[in-house]
Amino acid sequence: MTSTVTLSLVAPLSGTLRSIDESVDPVFAGRLIGDGVAIDPADSVVLAPCEGTISQLHDAKHAVAIKTDAGLEILIHVGVDTVVLKGEGFEAFVSIGDKVTVGQKLLSFDAEVVGAKAASLQTAIMITTGETGVVINQGSKVTAGQSKVFAIGDNAEQEAASLVSEAVPAVQQESITLVEPFVLKNPVGLHARPSATLIQIIKRFNSDVTILNRDNSKECKANSLTAMMGLSTVMGSNLEITVTGPDAQDAMTAVLEGFESGLGEDVSGFVAPTTVEAEPEEAPLLGPVEGEDGRLPGVKAAPGMAIGKLRHLEHELPSYPEAGVGVADELGQLDYGIQQAREALQKLVSKMEAEHVGGHAEVFVAHQQLLDDPAISERAHKLIETGKSAMWAWHKSFLAEADDMRKLDNPMLAARAIDVEDVGLLVLRVLMGIDDANEQMPENTILCLEDITPSEVVTLDRSRVIGIVTLHGGATSHAAILAGSLGIPYLVNVPASVRDYDNGTDVILNTNKGYVLVNPTQEEIGRTVARQERAATEHEEALKVADQPAVTQDGHHVEIAANIANNDDAEKAVKMGAEAVGLLRSEFLYMERAVEPSMDEQVKAYEAILTTMGKDRPVIIRTLDVGGDKPLAYLPLPREENPFLGERGVRIGINRPTMLRKQVRAILQAAHAGYARIMFPMVSSIDEFRAVKKLVLEEQENSGVKVEVGIMIEVPSAALLADHFAKEVDFFSIGTNDLTQYTLAVDRGHPKLAARVDGLHPAVLRLIDMTVKAANKEGKWTGICGSLASDPAAVPVLVGLGVQELSVSVPAIPVVKARVRSLNYEQCQQIAREALTLSLAEEVRQLSA
Ligand code: PEP
Ligand code: MG
């Protein structure tokens, strides 16, 4: 829209002036709010750029708008994504309805606080009423309250031109460049305050100043707070200062003096690095050492061993044009890309169903929902309408959406950012015509990548890819669960030095022992092959008699049950010879969904599983075990410092009984289909059990259906007080994954320490012993459903401790049964007694081997 109104905006902040299309925020850059300018601020008090009335003041105090008497509205938006700070670090000096004059103080912000939390401090000044204008002296340094930055109206061009000529110095001096090294003395590096002081110093000169952090090769112009904070400097950083301009000599002297005197901070405590003797770093005293014998340690995400060749996979995308070829064409392209991606996801779901892992397909159903969600496509449409290509617009939009999600104070949305990126890349690849699926991997590939998404796991060519290692990723992520279900060994948190080895390097992947062995000797390969063959033969033999009970040679029966997540698993468990389900992780029914499953859905899911298992195979349904570490979209929980010690497991049901009651009701309603039992996770105190048991009794009373009710022993306090619990529960099932992490105080997924989380630690065994004895005294039984039960080496000790049921991963059922049949119960009891006297997990492993 052209306007006859003539208005010049004055800089609200000092700093470097940019046109709005240089904004770091794609929405602002696309002029979706309006025309205007952006300033990389050198100070932090926002002044009125024109006269008018305050028409908007956001609650988060990061944005303020002024309406002029002529009806134009000018919005000043401080920083990018600063709304999420909810006012933290901001102060407002005006209210809606106040009349303001040019240069009047509107807002101020704490550059250190806001700079640390926001994506950028760049401030946008935009005309929201549709008028366009001309930037005055784009790229120049502007002074708050003085420099005119934007002219609007019929005479805008002339006004801008006249001000440009005013800005050009009458006599150009010759520009020179000077470079000086400097060791930074500031105690916490170049954070906001010293950076702001430096900018003030530089503003006195007509030279450009660049700072290079020689320690990490990061470089930036010294005109932006955020850029300087991004240099990641610390006390002692080796800097290189480059000054270019007509007054470079004076500017360099002033800059060096500024640095020397601490840029407004006390630097008297600085000790020159030359006086500190660098001490050689000793190797860690315990645990696997990186590179020792060619072994790179990692954490098991899916079990198994594989011998193959390393293949690095980078997620690099080819470049693509920013400008579109026409709005209609680009919109059509985007629609096509989204449609193709939707079909690809549908094929993926069908493929998973065909491969009997359809129970894990919810994640891709959720991806399809994301494609239907207008949030990303609307952003992209708006950018395309400004002349951008579909690829550019889509890429920027899904990255911005994922970024927004990560910043929100909602762990569920933050966790879904990876899904947005996964599905976003899927569409982008379609738009670029990339078909990764056709890239042929060599045979026996052990794939090495930064991280892997669930869809990448499912689409791997499993005739060629026999193992996965990633530098990042969670041992309990969806990708990990899928790799486990598909039988692909997967190791996470492998050190970045794995990148030093070329494609084609021979490796042995042993996720059970937590390492990749690089360039193994022939002897090591031979040993692994022999081990694999032995395991395959044992598995085949065990499978032949999988339907037989697990009875020791001296006649002691141990029930072998399955840990399952859905009906697919239940069907496999029956085929593998499971005598029961010792743990149905019901949370899988609740995850990857936008809303809580209805009663009807829950009843149907439980009925299906109970029917598969039949009346003679009991099914322990564990109530929802989520929390800070496993968030749900429809269960908003605050971010927690220590999610494993927070609102988790039964604590969720106690604090939100409506959801628990619905689940209990659904279990009771489905119970007619088989033999259902209810179990509560993470009980740490008897009043928790009494509270939820009361709820179950109420529902049993109402429905007239009764089921046994037990608890997991996975917190040391529950094991220590097992004698009290045993009087009130029907059974115990020991969750050794959590019991071990809580007893040894080691996070079960910790990248460095996870290898130390061994359930055969005598401290854990003593707690198991206490639990079994307490249960026996009251005539109750004890099972184990943690992963220790699936470890053949642990079976003799666990059986010897008197555990009556071992609930194991589905593929492990035949082998664990076979192991029990090979044992003598009396000998196991002796082993268990001795294990309780030992002090180290390794000693127990040697004893039990
Ligand atoms: C356990 O903690 O051992 C357990 C079986 O529960 P989860 O692994 O689901 O936490
Ligand atoms: Mg647990």
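Computed from a predicted model, the values in this text were never measured in an experiment. (Residues numbered from 1 in each chain as written. Chains lettered and ligands numbered in written order. Predicted model: local features only at pLDDT ≥ 70, side-chain atom pairs only at ≥ 80, totals over all residues. Heavy atoms only, no water.)

### Topic: the overall build of the protein
When its secondary structure is counted, the protein shows 28 helices and 35 strands. Seen along its three principal axes, the alpha-carbon backbone of the protein occupies a region of about 105 × 65 × 55 Å. A buried classification covers 51% of the 849 residues belonging to the protein. Of the contacts made within the protein by residues no fewer than 6 positions apart, 70% connect residues no fewer than 24 positions apart. (Helix = DSSP H or I, 4+ residues; strand = E, 2+ residues; numbered from the N terminus. Buried < 20%, exposed > 50% of the residue type's maximum accessible area, 1.4 Å probe, protein only. Contact = heavy atoms within 4.5 Å.)

### Structural notes on the pattern of salt bridges
Tallied over the entire structure, the rule returns 30 salt bridges. Among the salt bridges present, the one from E523 reaches R527, with a minimum N-O distance of 3.3 Å. Here E523 pairs with R527, and both are found in helix 14 (residues 522-544), just 4 residues apart, close to one helical turn. E523 sits in the exposed class, given a relative accessible area of 57%. On the basis of relative accessible area, R527 is assigned to the partly exposed category, the value being 43%. Each of the salt bridges in this network shares a partner with another, and the network as a whole consists of R661, R665, K694, E698 and E699. (Salt bridge = Lys/Arg side-chain N within 4 Å of Asp/Glu carboxyl O.)

### Brief notes about the domain arrangement of the protein
Split into domains, the protein comes out as domain 1 (7-163), domain 2 (176-261), domain 3 (301-317 + 439-519), domain 4 (327-433) and domain 5 (553-848). Domain 3 puts 14 residues into the contact, and the matching count from domain 4 is 15 residues. Of the roughly 1300 Å² buried between domain 3 and domain 4 on both sides combined, carbon and sulfur atoms contribute 72%. Inspection of the region where domain 3 meets domain 4 yields 0 salt bridges. Across the domain 3-domain 4 interface, the total number found is 0 residue pairs in polar contact (both at pLDDT 80 or more). If you list the elements that add at least two residues to the side of domain 3 that touches domain 4, you get helix 12 (454-459) and helix 13 (478-485). Looking at the side of domain 3 that touches domain 4 element by element, the count peaks at 5 residues for helix 12. (Domains from an automatic or database assignment. Buried area = accessible area lost by both parts, 1.4 Å probe. Polar contact = N/O pair within 3.5 Å; in protein donor to acceptor, adjacent residues only side chain to side chain.)

### Things to note about the pairing of strand 33 (residues 731-734)
Two faces, one strand: in a regular strand the side chains alternate between the faces of the sheet. Neither face of strand 33 is open: one carries F731 and S733, the other F732 and I734, and all of them are buried. The sheet contact formed by strand 32 (residues 708-713) and strand 33 spans 3 bridges and is parallel. From the neighbouring strand, I713 faces strand 33, where its bridge partner is I734. Strand direction decides the pairing type here: strand 33 and strand 34 (residues 781-784), joined by 4 bridges, are parallel. Residue S733 lies in a different strand from strand 34, and its bridge partner there is G783. (Pairing = 2+ DSSP bridges.)

### With respect to the sheet that holds strand 10 (residues 105-109)
Taking strand neighbours across the sheet as the criterion, the 3 strands line up as 4-10-8 in an open arrangement whose pairing is antiparallel. For this open sheet the edge positions go to strand 4 (45-47) and strand 8 (90-92), each flanked by a neighbour on one side alone. Within the sheet, the average angular offset between the axes of one strand and its neighbour, ignoring direction, is 20 degrees. Pairing of strand 4 with strand 10, which is carried by 3 bridges, proceeds in the antiparallel orientation. When the bridges of strand 10 are listed, V46 appears paired with L107. (Axes fitted to C-alpha atoms, helices over the stretch in contact; angles between N-to-C directions.)

### Considerations on the confidence of the model for the protein
When pLDDT is averaged along the protein, the result is 87; 92% of the residues meet or exceed 70. Here residues 167-172 is modelled with pLDDT under 50, and outside its nearest four sequence neighbours on either side it reaches 1 contact, counting other chains as well. (pLDDT = per-residue confidence, 0-100.)

### Points about the packing of aromatic side chains
Here the structure, examined in full by the defined rule, presents 4 aromatic pairs. Ring geometry for F90 against F109: centres 6.1 Å apart, planes inclined by 45 degrees, an arrangement best described as tilted. Within this pair, whereas F90 is found in strand 8, its partner F109 is found in strand 10, the two being separated by 19 residues in sequence. Residue classification places F90 among the buried positions, given a relative accessible area of 7%. (Phe/Tyr/Trp six-rings, centres within 6.5 Å; stacked < 30°, edge-to-face > 60°.)

### Some points on the coordination of the magnesium ion (ligand 2)
In the first shell of the magnesium ion (ligand 2), the protein supplies E714 (OE) and D738 (OD), at 2.0 to 2.2 Å from the metal. With E714 in the loop between strand 32 and helix 21 (716-720) and D738 in helix 23 (residues 736-744), this pair connects stretches of sequence that are 24 residues apart. There is no split in this pair, since E714 and D738 are both buried. (Donors = N, O, S within 2.8 Å, 3.2 Å for Na, K, Ca; no water.)

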